[in-house]
Amino acid sequence: EQNPVIYNVHGYEAGQYTLTVGITDGCTQSVKTDSVIITIPPSPCNPGNNTGEVNGQTISFYFTAGGPRGGSYFITANGSGGDLEIELPGTEKPVAGVYQIEPLGDNWRRGSVRVRLVANSSNWPASSGKLYVTVTNDKVTATFCGVPVFSQTWYFNATASARVTER
């Protein structure tokens, strides 16, 4: 195809690609793309920047930061009413894309992310859903909407949403 569309890709898959075609007599022909651009779909919700919500409680984040720690890249937000921690594999700043939220534990691969809120005197780890990442002026914004979370203190399920931008 002249302008192919590939679905379910991440921002880190942008760049140059090479197509090599083999011909039956053993000859090959290669062509390289100029640049592959990944277009990120918009988030399905639009929470206010540096705000979150879990189990009906609104959180206003007064401090946000991002950076490497250990073998991961963390985006953290502290606020009145709760805190948020987003962990991405690797120590590089994340690129724009849609990341799959994985439960805390051993499932860890490129393109996935772990999300945990602390609010209402409980840890609220997310178990699934999508995290939308955009990058503007080298600042990462992460948004998630209605993702399932589980209270590790009160032992019940709820949903959470948030949008945070590194400062």
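The structure this text deals with has already been given above.
What you are looking at is a predicted structure, and each value in this text was computed from that prediction instead of being measured. (Residues numbered from 1 in each chain as written. Predicted model: local features only at pLDDT ≥ 70, side-chain atom pairs only at ≥ 80, totals over all residues. Heavy atoms only, no water.)

Asks: So what exactly am I meant to see when it comes to the nonpolar core here?
Replies: When a protein is soluble and globular, its nonpolar side chains tend to lie buried together. Within the largest apolar cluster, 28 residues are counted, with the highest numbers of intra-cluster contacts made by Leu84, Ile86, Leu117, Leu131, Phe144 and Val149. Secondary-structure elements contributing two or more residues to this core are strand S4 (57-69), strand S5 (72-80), strand S6 (82-89), strand S7 (97-101), strand S8 (112-119), strand S10 (130-136), strand S11 (139-150) and strand S12 (157-165). Top contributing element to this core by residue count: S11, with five residues. (Core = buried A, V, L, I, M, F, W, Y, C linked by side-chain atoms within 4.5 Å. Buried < 20%, exposed > 50% of the residue type's maximum accessible area, 1.4 Å probe, protein only. Helix = DSSP H or I, 4+ residues; strand = E, 2+ residues; numbered from the N terminus.)

Asks: In this structure, what is going on with unusual backbone geometry? I would like to understand it.
Replies: Both trends apply: most residues other than glycine have a negative phi, and most peptide bonds are in trans. Here the phi dihedral of Asn55 falls at roughly 50 degrees; this positive angle occurs in a residue that is not glycine. For Asn55, the location among the structural elements is in the loop between strand S3 (51-54) and S4. Within the chain, Tyr155 stands out as a residue other than glycine whose phi angle is a positive 60 degrees. Relative to the helices and strands, Tyr155 resides in the loop between S11 and S12.

Asks: Looking at this structure, how should I read the layout of surface pockets?
Replies: Regions of empty space are outlined by a rolling probe, equal in size to a water molecule, passed over the atoms. Empty space within the second largest pocket amounts to approximately 220 Å³. Split by residue class, the lining of the second largest pocket holds six nonpolar, three polar and three charged. (1 Å grid on protein atoms, 1.4 Å probe; cavity = no way out; pocket = protein on both sides within 12 Å on 5 of 7 lines; lining within 4 Å. Points joined across faces, edges and corners; volume = space filled by probe spheres on them. Nonpolar A, V, L, I, M, F, W, Y, C, P; charged D, E, K, R; others polar.)

Asks: Sorry if this is basic, but what is going on with the state of the cysteines here?
Replies: Put plainly, two cysteines are in a disulfide when a covalent bond ties their sulfur atoms together. Summed over the entire model, instances satisfying the criterion amount to one disulfide. The residue that forms a disulfide with Cys45 is Cys145, at a sulfur-sulfur distance of 1.9 Å. Disulfide Cys45-Cys145: the torsion about the S-S bond is -85 degrees, which places it as left-handed. Pair noted here: Cys45 is in the loop between strand S2 (28-32) and S3 and Cys145 is in strand S11, with a separation of 100 residues, a long-range link. Among the residues examined, Cys45 registers a relative accessible area of 24% and is labelled partly exposed. (Disulfide = S-S within 2.5 Å.)

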